[in-house]
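Observations on the model geometry
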Amino acid sequence: MAPSINFSRWWAKDTSRKGNPVVVTMENPNYSVLELDGPDSAFQPVDKDRGKNAKQFTWVLLLKAHRAVGCIAWLGNALWALLGAIQKRLIFRQGVSVEIEKSAKGKLLFRVILTFLIMALAFLSFEVVAHFNGFQNHNLHIPRTLEIKGWFHTAYVTWLEFRADYIAPLIQSLSTFCVVLFLIQSADRMLLCLGCFWIKLKKIKPRIEGDPFKSDDLEGSHCIYPMVLVQIPMCNEREVYEQSISAVCQLDWPKDRLLIQVLDDSDDESIQWLIKGEVSKWSQRGVNIIYRHRKFRTGYKAGNLKSAMSCDYVKDYEFVAIFDADFQPNPDFLKQTVPHFKDNPELGLVQARWAFVNKDENLLSRLQNINLCFHFEVEQQVNGVFLNFFGFNGTAGVWRIKALEESGGWLERTTVEDMDIAVRAHLNGWKFIYLNDVKVLCELPESYEAYKKQQHRWHSGPMQLFRLCLPAIITSKIAFWKKANLIFLFFLLRKLILPFYSFTLFCIILPLTMFVPEAELPLWVICYIPAFMSFLNILPAPKSFPFIVPYLLFENTMSVTKFNAMVSGLFQLGSSYEWIVTKKAGRSSEPDLLAAEERESKAMSLQLHRGLDLIGEQMS
């Protein structure tokens, strides 16, 4: 077989003749003997003055045909292997065909994005070809005296006219609409930051008057402590169950006034036995703790909490504190939160702030910390101080059980049961308090896959809830300004408009302006305002200033996932009702580990001394 063309070019550089002529003899008598003077002489250009040997060309063509057949065979084998892999994949996923059909609707947005990408590449290719042919016209109006050069030039001029007359006005109108939404959302963010600045300046925060646990009656001193129920909902939390149960069992509260419910929805029997063993260990130490397991995980977390609240003994308790499986409250958590309910019968919820043990683990955790710091430091603190309302975070909070019951209890209709109960309690007139100084340690998702699933649930759930609660909000008896705040600020502006304009403006309109220069975006929209908003977002986490550029790019990228989740929740598409437990690594901060070890050693030494004293008494 003849050598490849690349080697032929290299050999052709050497004009000197090396070696003896190669003689190829064909056994087929229909072909003549062909003499090749060099390794690549068959591919050397033939002089026009010389006579052409038809058999020589036939032989060269046969060699090229053989090579082409080899390439086609290789492509065929690759295609066959690809089809086989697809067939195996389909057979493997045959058992989850129902889930595939459901997720097909949820992938509609990504198909639209893929179509948009293909069209953009086609337009780019079209412009590149026109550029190399010298057909570029930067004027907005095509001169009528323009000389047309061929069919391609005609098509390009027609495209320019169509783009200027029809496409550019549509893009310009859509960009104007998005810019208006962008300015409204920026104004809202500015007001939130000014409110937070005012709170810091005036040192406004909820305070506890006096010592609520001080009593002159020494015999009945424990009666001043209200009955508190602590719930730890979990599902297959192998990595974090131990540290969470350990932290909750060390809460500083009279043991006869406290009951801990470990609400386990795990479907893995090995994890169930591990959690049962941990509960048994703390029960033997005198902690009032019980283990509950549901056979059927209906309603996810909402169903789990609803089932736990239906127990007969719950009526004996006044408050309920909720901690997700990766949360580690400090021992004084209840003493910092429960006293706020005293002499405040309208108070339904006290929410604490989250703190993260792994915020510096990687770039993803650092970027998440920026968003969540703004959410807690600015959004929830301002809303708590000025409106007495914010969305319950689902954990690290204490509810008045009466407020839960009067608001309808936990419902299984959305994947954001925490926001659902908060909105219904607000419509029933209950007030909320946010404690920015009380922090509960928890864990951030460290992988992009876990973070993306979490964000999908956090952005699709509010849209489901908005569809369900809009009639109740409109017909409720609360003040008009509270209805307006719920509909336009809480739901539309911060849950719907933000992902809509972010995705539309920066992921669709901005790339389109590259191919449609007639539709222009002002520089302040593209650069100045986003940079300023990112600067405001990063203010509550000043140590994250070096990551402002990755944060801006990351937020624009995540707008695709958030917009897809928002659309799927609003129109009930795809996996809008699916709940996937966020994967955790089970990290704890070093001071907490040392403190836990110190407490454990003190408890062991105390038990040892008691045992020695008991033995001494028996011997005496």
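A brief structural summary. (Residues numbered from 1 in each chain as written. Predicted model: local features only at pLDDT ≥ 70, side-chain atom pairs only at ≥ 80, totals over all residues. Heavy atoms only, no water.)

1. Thoughts on the side chain of Lys 301
Take Lys 301: it is sitting in helix H8 (residues 300–309). Its relative accessible area of 10% is what places Lys 301 among the buried residues. (Helix = DSSP H or I, 4+ residues; strand = E, 2+ residues; numbered from the N terminus. Buried < 20%, exposed > 50% of the residue type's maximum accessible area, 1.4 Å probe, protein only.)

2. Considering the sheet that holds strand S5 (residues 289–293)
Ordered by their spatial adjacency, 7 strands build an open sheet running S5-S4-S3-S6-S8-S7-S9, and the pairing between neighbours is mixed. Each end of this open sheet is capped by a strand with a single partner; those strands are S5 and strand S9 (431–442). Neighbouring strand axes in the sheet, compared pairwise and without regard to direction, differ in orientation by 20 degrees on average. Sheet analysis places strand S7 (residues 347–356) next to S9, joined by 9 bridges and oriented parallel. Each bridged residue has a counterpart across the sheet, and for Ala 355 the counterpart in S9 is Leu 441. Helix H6 (residues 241–249) contacts strand S3 (228–234), strand S4 (258–264) and S5 of the sheet and is inclined by roughly 175 degrees relative to S3. Docked against the sheet, helix H7 (residues 269–284) engages S3, S4 and S5, running at close to 160 degrees with respect to S5. (Pairing = 2+ DSSP bridges. Axes fitted to C-alpha atoms, helices over the stretch in contact; angles between N-to-C directions. Contact = heavy atoms within 4.5 Å.)

3. Quick word on empty space enclosed by the protein
Applying the stated rule across the entire model yields 5 cavities of 30 Å³ or more. In this structure, the second largest cavity encloses a volume near 60 Å³. As for the second largest cavity, its lining consists of Val 248, Cys 249, Leu 251, Trp 253, Lys 255, Leu 258, Ile 260, Val 287 and Asn 288. Looking at side-chain class alone, the lining of the second largest cavity contains 7 nonpolar, 1 polar and 1 charged residues. (1 Å grid on protein atoms, 1.4 Å probe; cavity = no way out; pocket = protein on both sides within 12 Å on 5 of 7 lines; lining within 4 Å. Points joined across faces, edges and corners; volume = space filled by probe spheres on them. Nonpolar A, V, L, I, M, F, W, Y, C, P; charged D, E, K, R; others polar.)

4. A few points about the nonpolar core
Within the largest apolar cluster, 86 residues are counted, with the highest numbers of intra-cluster contacts made by Ile 245, Trp 399 and Val 423. Counting residues per element, this core draws most heavily on S9, which supplies 7 residues. Those residues in contact with Val 423 that sit more than four places away from it in its chain are Phe 389, Leu 465, Cys 469, Leu 486, Phe 490 and Phe 491. Judged by nonpolar contacts, the second largest core, of 25 residues, contains Leu 181, Phe 182, Leu 493 and Val 516. (Core = buried A, V, L, I, M, F, W, Y, C linked by side-chain atoms within 4.5 Å.)

5. Here's the deal with the pairing of S3
A large share of S3 lies buried, amounting to 7 of its 7 residues. The alternating pattern of S3 places Val 228, Val 230, Ile 232 and Met 234 on one face and Leu 229, Gln 231 and Pro 233 on the opposite face, and all of these are buried. Two elements, S3 and S4, share 7 bridges in a ladder whose sense is parallel. In the strand pairing of S4, Val 230 is matched with Ile 260. Crossover handedness for the path S3 to H6 to S4: right-handed. With 4 bridges joining them, S3 and strand S6 (residues 319–322) adopt parallel strand pairing. When the bridges of S6 are listed, Val 230 appears paired with Ala 321. (Right-handed = clockwise from strand over helix to strand, strands pointing away.)

6. Topic: H7
Look at H7: 22 Å from first C-alpha to last across 16 residues, which is about the 22 Å you get at 1.5 Å a residue. Those residues of H7 lying buried are Ile 271, Gln 272, Ile 275, Glu 278, Val 279 and Trp 282. Taken around the axis of H7, the buried residues stretch over an arc of 130 degrees, which confines them to a single face. Opposite its buried face, H7 presents the exposed residues Glu 269, Trp 273 and Gln 284, each directed more than 90 degrees away. On its buried face, H7 is in contact with S3, H6, S4 and S5. (Expected span 1.5 Å × (residues − 1). Arc of directions from axis to C-beta.)

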